[in-house]
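# Geometric and topological summary
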Amino acid sequence: MKKKRLLKQSKTFLLLNLCLLFSVHLLSQEKIALSGTVFSDDNRPLLGVSITLKGGKKGTFTDTTGKFSIIVNKGSTLVFAYIGHKIKEIVINNEKSASKVLLVSNFTDLGDVVVIGYGSVKKSDVTGSVSSISQKDLDKVSGSTFDLLLQGRVAGVNVTQTSAEPNGNVSIRIRGSNSISGNNEPLYVVDGYPLPTGGEASGDGWGQPSNALSGINPNDIQSIEVLKDASAAAIYGSRGANGVVLITTKKGSVGLVKIQYSARVGASDLGRPVKLMNAREFAQNWNDDQISRGLNPSYNGSSPAFPKPDSAGEGTNWIKAITRTGITQNHQLSISGGSKEFKYNISGSIYQNNGIILNSNFSRYNFKINLDNKLSEKLNISTTLNYSNSSLNGIQQGTGAVINVSGPIFYAQQSSPLLPVDAPLTTKGNNTGQVLFNNPVTTVKDRKDVTQNKDLNATVLAVYKISNAISLNLRGGTTSRNSIHQIYYPLTSSQGFNNKGQAFSNSYSSEDQIFECFLNYQKAINNKNKLDLTGGYTFQTNTTRTQNVTVTNFPYDFLGFDALQLGTSYFATPTSKTLRTLQSFYARTNYTLLNRYLFTFTGRADGSSVCAQNNKWGYFPSGAFAWKLSQEPFFPKNKIVNNVKIRVSYGLTGNQGIGPLGSLALLNVANYTTTSQQISGLAPTSLGNPDLKWETTTTSNLGGDFSFFKDKLNLTIEFYQKTTKDLLQSLQLPLSSGFGTGLANLGSIENKGIEIQLSGNVIKKKKFNWSSSFNISFNRSKILNLGPKTYLLGRAAGSNYLNSPANIMQVGQPYGMFYGLKALRLIQASDFDANKQPTFATFNGVQKLGQWLIQDVDTSKVIDDGDRQIIGNPNPKFTYGFNNDFSYEKFHLSIFVQGVYGNQIMNLNNAFIRSGLPISNQTKDWLTNHWTPANPTNDIRYPSYGTGITSLTSGNYFLEDGSFLRLKNVTFSYDISKIGKVIKSGSVFLSATNLITITNYSGFDPEVNIYGQANNAVGIDLGSYPRSRTYEMGVNLNF
Amino acid sequence: MKKYIYILFIPVLFSCKKQLQEQAFSSIPSDNFYKTSSDAVSALYGVYNALNRGSSDWDNNLYTMVFLPSEYVESTIAERQLFSNFTYGTTNVSLTGVWRQAYVAIDRANGVIDNVPIISMDDSLKKVIIAEAKFIRALSYFNLVRLYGGVPLKISKTRSLADAYLPRSTANQVYDVIISDLTEAETNLPNKRPASETGRVISGAASGLLGKVYLTMAGNPLNQTDKWALARDKFKYIMDNKARWGYALLTNYKDVFSLTNENNNEIMFSIQFSNLTGQGNLLAFASCPPNSPFAMGGGQYNYGFTPKFYNLFVASDTNRRNTTMAYTYIDRNGRLNTYNTGPNYNGYAEPRGIALGKYQDPNPSGNTGHANDVIVLRYADILLMFAEAENEVNMGPDQAAIDAIKQVRARAKTTLPSITDPNYSTYTSFQVAVRKERLFELSGELTEFFDIQRWGTLQTTIATSPDAIKAGTTFDKKFYLYPIPLSEIDANPLIGQQNQNPGW
């Protein structure tokens, strides 16, 4: 028998089909030779619909035209099942009983089952705060990485692509930020496997890391669930505080072999260029500046390099010179199908994105296998294998550094348009004030910066049904990443010139293993009460290794980082290895009383190696209660409201903020020297803290789910309040201790907010459908306590030039507020007294007309660090998304709008291109609007020439409104019915991404942060990769 | 059914406490250290490392604090100028850097002093290692107490957050520890080292430093005049027994600083640097003239001597003058550059003074990869300090004092003094002469501010310093001590603003 089954599995499903047909027995009862066609509700014939005799094994499938035939006993019931459609049962009385069968799509019901940690529940039985995105929504979005699929789709989830570079870094904050020193990104769980915190090989310290989750192919995703409150997330205990994102990948389903090919090809351009002065304007402005300072104008026609402004012409448009039309393409082939015993889904894909900046591109190859084997009625084994190989050609961008090491986008904004495109490094008379000229074009073309990541995930899950009520789950799996980041600075770059060629070859690997064992117990008691228990144990370990190699002094440039042996200067090669072990016990009880009172209790105990000796274990309990008010007998029957559910929950979750070794006192290399050799020495590098523990977040949630007009309109409203205590802080120690900082648990922070999600079918006619969904979320954060200090300053914004922090964490204030000097207005002639002495506080007595007049907060009559104050807020007042789907017969149109409102951005580009500093090219609007004696404006955005030292300190003069409303995606598609014998169905589509962005922001794009996911530097723009606008066309074909 | 229950026991197999014990792979947990004599030696080199690494303190921040506040030094580099014109504030990076690095050295030394005694190893080696740690602790406290006054006195290793907080002690309490550490060091340290230990401290250096400590205590602000004799005796002891350590003046002044002649007989203690990766410094880079072949990329030239100082040297003293100052030099293009303050200067990019020429490294491995050792104490200093102390003890010069200064001048090949010379005949004139001699002999060797401080001559310095005059700085007694860095006050509740040095 077993052999037979295995044999079956190895056959194709046509064979299986035949087997089933031949196994029909002739019985004594009256037979009916039935035939018919199965259609979907939009009148398409359905291929591969499974038709079985209720209570029997007999069955068949529909063919390519939706037709089937079967012989059955009169009076028997046939069950029609097809993925994505409601199951239909028909009692057969005569030959016509099933001549035309209509299967109703259950898209709205797909969400009926919601995946939660270690199990799933019916959507109507959810007690916590869980949002889900179904495949229907996912299919419409084009994105290189799955996290972008979430953008604007779920209330309470704020997704920011901090870099618009291909495969750029994405930051996700679910209900605000909870941690100051720890990670604020959610936990990702793919098919039950909690992924380790993403990492990759380090670069040379400049530029953002690429997207750590790029190994997951968005096309492989079936659904995404976001667990937001403590009741939902507590099952993930110490990793749940930032929310949990559960990703379920596509599985095979019962049916004939289904081959799908989809392709999309797109072109992208620079969405919103920043307009800068041309050569004529640049020369004129330079001259004007010099005249204003009593010097002779340089651009006077004395040499070809210094033409008179009128003869300078347009000059070089550096932004144009480094941008191009980007090309993206994405191809995916998948094969799926299966029988009751064996289901499979195999897919392979190629994704390529050539960015709009020269030499920036990303490619990824994915291969995925999902297999489900039902070995017996009791034992099911699912196997998942996902391999991804990606390669990023990066450019240096948004580094926050200015001198010598800035990226090409910064240079392109700054460089003089009078210089030719091929101006070499040694160009004299460049405007940058540097000895060497970093030609933006050369910088992008010659510098090589390649990151290659290989990701492998393999998981086996065995589910054994011990009895009808109890099933035992065993999961074993591994996730590994191998990452190499290599950089070469050639002699044509200033960095390469100074080091005679400089190569970096850095590697990172992460190996993660998991073993899980958990039981599910389900018991219904007299049809009205239901008990659902889950409990289990997990053991997970993660090992990371890094190695960083730096070599300089290369005799030749052209082999770059692939021939490190050519370089003659080697530096110490730091290597590291860390091990993280997590042991957990967890349990959840769902109890349904009288079908309307729902109780959930969840708890997890996490024991972690990274926690300190005295605090190895953390406990994370939670409870929730939901009341299906509309099920109450007293609930009035009415035509408007058909469903009301009220949910409350309370519980604790933790944050995995502590890194390996965080609690230990350690020694590291501290060598000494003689003239000829190093002598090895060791010295303490960290103080250690034997009491270090998790940050703990307490969340209360109140939610309501309402449905109106027979589920046509659905509304969910949630209120939450979270308090995170024991904030992990790098405490500033007195330096007299011999240590600068020590890790400690100090302080607390609060987030509270409201989320509203509204969706519905506005119009549902036979031919025309309009469905719509809208979400909006409001989050307010407040720092309650920081331990001994009342504030913590962020990192210096603009690491080596604008050397002052732009963000502050201050008790009583929201998270990461902007901090700096405040210009009240521009200095006017009336600000000087009769003796021409300033009547305002100055930096050093040399403030001039048209420059910023700074508020003297400490009334010291001198502008210095003591005059810094809170000047703005990087946190949005609210974020929202609005999606509309229209369909008319075979035409579909989907329009998705998304945006944020009320946040500010510290646009440090303005320190250069809108400050009148002749060291940099200026924007056209600065040229027209800036302060002059004839135009004594008071607009702090447009100061006069040479704002002086103020420009080096962060201040309100760089702040801009970061609100935007973006037409994120428009997709127009047309369904193809059968073409020839090969193509059975499909669709073609046209799509545009980032089509229109409405914003007052003057930089390339308001969705930005050069410091990526950093907590202490939020909302900062400097030389960031510009966002592209992408037009795509594509096909989906089923064979 | 029952048999499946056993599966529930699988976790028990995995769940043993050991699994959660954290392992360190790429660094060493302190708990597992200090077991063998080689651990003790490694930890000791870690203490030395605090002198040559950190944020370039001995070669950079300490230079800013000690070299620049002088009437003979000027700078146009903003961060350095703050010190030549006395406008630094309490958050200054140099103030904070020197403070931090001194305490890093102290904490590491405390680690050795606390832990080495419990290692079972050769007792004599143990004593030497502890003595070396005590020498470095004393040296660090000596810098701290001179620059900041009474400071938190840490004499045991910081092991927990609770250990991290200490109030200020008095200067006298700090000096007590310095004297006791150096006394133990001079007793237990060897007189000579094998070549493999070149650069590690020997007993003569401890005695010499102890003498300098007494000399400092005898001067301003403590004015413990009984220490003059103690200082004099220490210096005399070194001079009388110099052969024991091999101390001598080199014949040629320039050779004292030569990169190929480091750790020569004149050097009593210097901080070791080399151009091996991570073992260099930026002293030559910060001090050498622009486009000169003496430093990475030609020298950044952050500061220099005033022309007035150049002219102070007598004609016969050109040896020392031309070694101390790079008034003229041949640049990398083979062109002769001469210092010139005028508008059409050639080579000297801007008038930052006449570049310091004592530290030159033509083959550095990077900006911070210069191999010049930083001299902490050398024999010529001992001779001059002896002359100074002897004059103070006797309230006038004697032949021994004259002889000491004579040795230094003879080596410089300049005019020799005699007791009949009016410049060397009375208490006051000899005091002036010996103070000037220190300037000629030791300028640019981390002596300037310390000398001004103990002589109590800061008022004159500020009144005559060109940078201070330009900035309009007027003398205030507060400038005798640097302020406690604000970050220390912010982070340490046991030191409040009321405990800050007066005037800051």
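These numbers were taken from a predicted model, which means no experiment stands behind them.

All right, on to the overall build of chain A then. Across its full length, chain A carries 12 helices and 56 strands. On C-alpha atoms alone, chain A measures out to a radius of gyration of 32 Å, which is about the 31 Å that the 2.2 N^0.38 rule sets for 1039 residues. On the principal axes, the C-alpha backbone points of chain A span a range of 115 × 70 × 65 Å. Long-range contacts, defined as pairs at least 24 residues apart, comprise 69% of the intrachain contacts of chain A with a sequence gap of at least 6. Carbon and sulfur atoms form 57% of the exposed surface of chain A, whose accessible area is close to 42000 Å². For chain A, the distance from the average position of its 99 positive side-chain charges to the average position of its 67 negative side-chain charges is 10 Å.

The next thing to look at is the sheet that holds strand 10 (residues 130–133) of chain A. Taking strand neighbours across the sheet as the criterion, the five strands line up as 10-15-16-13-14 (chain A) in an open arrangement whose pairing is mixed. Two strands close off the open sheet at either side, each with one partner strand: strand 10 and strand 14 (193–194) of chain A.

Moving on, we get to the packing of aromatic side chains. Residue and element names in this part refer to chain A. Inspection of the entire model under this criterion finds 65 aromatic pairs over all chains. Judged by centre distance (6.5 Å) and plane angle (45°), the rings of Phe708 and Phe709 are tilted. Classification of Phe708 as buried rests on a relative accessible area of 18%. Look at Phe709 and you get partly exposed, because its relative accessible area is 42%. Measuring from ring centre to ring centre gives 5.7 Å for Phe774 and Phe882, while their planes differ by 80°; the resulting arrangement is edge-to-face. Pair noted here: Phe774 is in strand 40 (residues 768–785) and Phe882 is in strand 49 (residues 878–888), with a separation of 108 residues, a long-range link. Given the relative accessible area of 29%, Phe774 is considered partly exposed. By relative accessible area, Phe882 is classed as partly exposed at 33%.

This part is about the pattern of salt bridges. Two side chains of opposite charge can pair, provided their charged atoms sit close to one another. Residue and element names in this part refer to chain B. Counted by the stated rule, this structure contains 59 salt bridges over all chains. Lys234 is paired through a salt bridge with Glu186; the nearest N and O atoms lie 2.9 Å apart. With Lys234 in helix 10 (residues 227–240) and Glu186 in helix 8 (residues 171–188), the pair connects residues that are 48 residues apart, well separated along the chain. Classification of Lys234 by relative accessible area gives buried; the value is 17%. What you see here is one network of salt bridges that share partners, running through Glu266, Asp317, Arg320, Lys358, Arg378, Arg409, Arg411, Glu437, Glu441 and Glu445.

Procedures and definitions
- Residues numbered from 1 in each chain as written.
- Chains lettered and ligands numbered in written order.
- Predicted model: local features only at pLDDT ≥ 70, side-chain atom pairs only at ≥ 80, totals over all residues.
- Heavy atoms only, no water.
- Helix = DSSP H or I, 4+ residues; strand = E, 2+ residues; numbered from the N terminus.
- Rg over C-alpha atoms; globule rule 2.2 N^0.38 Å.
- Contact = heavy atoms within 4.5 Å.
- Areas by Shrake-Rupley, 256 points an atom, 1.4 Å probe, with all protein chains shown as cover.
- Lys, Arg positive; Asp, Glu negative; His and termini not counted.
- Charge placed at Lys NZ, Arg CZ, Asp CG, Glu CD.
- Pairing = 2+ DSSP bridges.
- Phe/Tyr/Trp six-rings, centres within 6.5 Å; stacked < 30°, edge-to-face > 60°.
- Buried < 20%, exposed > 50% of the residue type's maximum accessible area, 1.4 Å probe, protein only.
- Salt bridge = Lys/Arg side-chain N within 4 Å of Asp/Glu carboxyl O.

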